[in-house]
Amino acid sequence: MAVDIQGYSKRDTREQLLAQRDLCAALDRAARGTGLDRGHWEKQVGGDGELATLPDGTDPAMVAGEFVIGLAEALRDLNHEVEGGTAGGEAGRHRLRVRLSLHHGTLTAGPFGPAGDAPIVVQRLLDAAPLRRLLARDAGRDLAYVVSDSLFEDVVRTGFCALPPEAFQAIKVTAKGAIFRGHILTGRAVRRGGLPDGRGRGEDGGERGGPPGDAAGPDARVLDFPALAFR
């Protein structure tokens, strides 16, 4: 998993520290709400974000859907307090707005952090211009979220995820001479039935297919993927 704070370098030292604490609290809340324990995640932290590998056996459908929804809710509540001047009694605080990317793939531990496909893909998608533009152009959005093409096909499109595939838009990113494909959530990160009545469009501008599948029952789970990678 990869997460990054928007406009981090424009904050002064005090604001950077507050942003780090707020992001950690929001991630903790989202994890607890979905039965995840961030204490078991392997983290590579930077000042403005985190690259984390989740343990084997983690349900990717839960992370790609419920965790993201929980994170969006935590950010929304935090920013409501900031705008109301009640966040920890701190005056003049900035809203916390973040980008999040998610992928499942191959990786291995190394002396300077994880190596392999997963951390590269998740970082390229996190830095994708369309994801940055989504956050920059929508002042009311607190979370810009993208999943890799493989995770979208294996989890989101199948209907196992709490977020419907129609709410995503396909993107293609070229970086370092390689092509990376992903899907950006263009609707809001809320549970099925609460998303705006808007349909994501593919790379060709065409509208995606019909309504989200309901074949997967509430207890259905997607298991046995490799460790998930976030930043």
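Everything discussed here concerns the structure shown above.
Residues numbered from 1 in each chain as written. Predicted model: local features only at pLDDT ≥ 70, side-chain atom pairs only at ≥ 80, totals over all residues. Heavy atoms only, no water.

**Thoughts on the overall build of the chain**
In plain terms, the rule: Strands are runs of DSSP state E lasting at least 2 residues, helices are runs of H or I lasting at least 4, and numbering of each runs from the N terminus. Burial status follows relative accessibility: with a 1.4 Å probe on protein chains alone, a residue under 20% of its type maximum counts as buried, one over 50% as exposed, and anything between as partly exposed. In what follows, residue pairs with any heavy atoms lying within 4.5 Å of each other are defined as contacts. Areas reported as accessible are Shrake-Rupley estimates using a 1.4 Å probe. Residue values count occlusion only from the protein chains shown.
Looking only at helices and strands, the chain has 5 helices and 8 strands in total. Traced from its N-terminal end to its C-terminal end, the chain shows the element sequence β-α-β-β-α-β-α-α-β-α-β-β-β. When the 231 residues of the chain are sorted by exposure, 48% land in the buried category. Excluding contacts between residues fewer than 6 apart, the proportion of contacts in the chain whose partners are at least 24 apart in sequence is 71%. Here the chain displays about 11000 Å² of accessible surface, and carbon together with sulfur accounts for 49% of that area.

**Quick word on the packing of helix H1 (residues 13-33) against helix H2 (residues 60-83)**
Pairs of packed helices are described in terms of their axes, by the angle between the two and the distance that separates them. As a reminder of what qualifies: An axis is simply a line fitted to the C-alpha atoms; with a helix, the fit covers only the stretch in contact. Between two such axes, the angle follows the N-to-C directions and lies from 0 to 180 degrees. Our angle categories are set so that under 35 degrees counts as roughly parallel, over 145 as roughly antiparallel, 65 to 115 as roughly perpendicular, and the remainder as oblique. In this scheme, a crossing is called left-handed if the near helix is turned counterclockwise away from the far one by less than a right angle; it is called right-handed if the turn is clockwise. Here the term charged refers only to Asp, Glu, Lys and Arg, the term nonpolar to Ala, Val, Leu, Ile, Met, Phe, Trp, Tyr, Cys and Pro, and the term polar to all other amino acids, Gly among them.
It is the contact of H1 with H2, at a shortest axis distance of 8 Å, that shows an interaxial angle of 135 degrees. With respect to H2, the axis of H1 lies oblique. Note that H1 runs across H2; the crossing there is right-handed. From H1, Asp22, Ala26, Leu27, Arg29, Ala30 and Ala31 reach across to H2, where they touch Phe67, Gly70, Leu71, Glu73, Ala74, Leu75, Asp77 and Leu78. Of the residues belonging to the contact of H1 with H2, the class tally is 9 nonpolar, 1 polar and 4 charged.

**Quick look at the pairing of strand E7 (residues 178-185)**
Applied cut-off: Note on pairing: DSSP must find at least two bridges between two strands before they are called paired.
Direction of pairing for strand E5 (residues 143-148) relative to E7: antiparallel, over a ladder of 3 bridges. Across the sheet, the residue bridging to Val146 is Ile184, located in E7. By the bridge criterion, 8 bridges tie strand E6 (residues 168-175) to E7 in an arrangement that is antiparallel. In the sheet register, Lys172 faces E7, and the bridge partner there is Arg181. The antiparallel pairing of E6 with E7 creates a hairpin that spans 2 residues between the two strands, and Lys176 there sits at a positive phi of about 55 degrees.

**Examining unusual backbone geometry**
For Lys176, which is not a glycine, the phi torsion comes out positive at approximately 55 degrees. Take Lys176: it is sitting in the loop between E6 and E7.

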